[in-house]
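Structural description and commentary
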Amino acid sequence: MKSLIKKIISPLVIKCFHYLWWQSTGTWPKNTYLGYEILQCPLDLQLYQEIIFREKPEFILQTGVCGGGSIVYFSSILDMMNASTDTKVIGIDIELSEQAKTIKNDRVLLLEGSSTDQEIFKTVTKLIEGKKGLIILDSDHSKDHVYEELSMYNKLVALGCRLVVEDTNLNGNPVYPAFGPGPFEAVCDFLSENDKFIPDDNLWKRNLFSFHQYGWLKRIK
Ligand SMILES: C[S@@+](CC[C@H](N)C(=O)[O-])C[C@H]1O[C@@H](n2cnc3c(N)ncnc32)[C@H](O)[C@@H]1O
């Protein structure tokens, strides 16, 4: 009975809860952080907080800003850690929202344009060259776009640092089955061609589920 619960019933219950919670409009889409819309699962925000405190990144870069809640969240953690103001939080969005434009924090830098635009990439590379930081991909979730982001931004991840591909739960993994190939499929292709990164599954599995499951990558070579 114990092994039936562990192997079949528990994973099924977790998947069903993940699905129900994600597709309920009253849950995460309504969350805000210090007044800013934040499109994240709170369990994942807990993991980010632990990573930032433990690993002390010299920058945090997120593609896809939306309301800016994640940018405010990351910068407020760095503020509470008394991190140097040289530790920047950089956000890139194809169209910065009015709400994101109101963020006032010296460490926050917002860039408008596509994350895969060569000029934007050059600007970002100049800003973070030689630094050890955390890179998070949360913009256009189509497989092709995420794969292109992975191919570009993995070069800016230092040894031992993290590259997080968000929303790997799309396309029936287990949410939004009709989405089509997305972040999870892009991660699978990327990892099959690149042995410098591994998925850090122990990180999120202790919380039972993550919107970014299998997307918490770490550079090991
Ligand atoms: C899922 S939302 C980001 C949520 C945000 N990171 C958060 O945690 O609250 C996706 C954002 O990606 C932006 N976006 C879409 N295509 C993009 C692209 N090619 N480059 C940069 N941003 C893009 C959209 O404008 C939107 O604001």
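Notes on the structure follow. (Residues numbered from 1 in each chain as written. Predicted model: local features only at pLDDT ≥ 70, side-chain atom pairs only at ≥ 80, totals over all residues. Heavy atoms only, no water.)

Turning our eyes to something else, we now look at the site of the ligand. Contacts to the ligand come from 18 residues, most closely from Leu39, Gly64, Ser70, Asp93 and Asp138. Here an oxygen atom of the ligand and a side-chain polar atom of serine 70 are 2.5 Å apart. Taking serine 114, its side chain carries an N or O atom lying 3.1 Å from a nitrogen atom of the ligand. Broken down by class, the residue content of the shell around the ligand amounts to 5 nonpolar, 10 polar and 3 charged. (Near = heavy atom within 4 Å. Polar contact = N/O pair within 3.5 Å; in protein donor to acceptor, adjacent residues only side chain to side chain. Nonpolar A, V, L, I, M, F, W, Y, C, P; charged D, E, K, R; others polar.)

Next up on the list: the pairing of strand S9 (residues 216-219). Inspection of the sheet shows strand S7 (residues 162-165) paired to S9 by 3 bridges, in the antiparallel sense. For arginine 162, the partnering residue across the bridge sits in S9 and is lysine 218. Bridge analysis of strand S8 (residues 197-199) against S9 gives 3 bridges, and the strand direction is antiparallel. If you follow proline 199 over to S9, its bridge partner there is leucine 217. (Pairing = 2+ DSSP bridges. Helix = DSSP H or I, 4+ residues; strand = E, 2+ residues; numbered from the N terminus.)

This brings us to helix H2 (residues 42-55). In a regular helix each residue adds 1.5 Å, so 14 residues correspond to 20 Å; H2 covers 20 Å between its end C-alpha atoms and thus fits that length. Inspection of H2 places Asp44, Leu45, Leu47, Tyr48, Ile51 and Ile52 among the buried residues, and these make up the whole buried set. The buried residues of H2 occupy one face: seen down the axis, they fall within an arc of 155°. Buried residues belonging to H2 abut strand S3 (59-63), helix H3 (69-80), strand S6 (134-137), S7, helix H8 (201-205) and S9. (Expected span 1.5 Å × (residues − 1). Buried < 20%, exposed > 50% of the residue type's maximum accessible area, 1.4 Å probe, protein only. Arc of directions from axis to C-beta. Contact = heavy atoms within 4.5 Å.)

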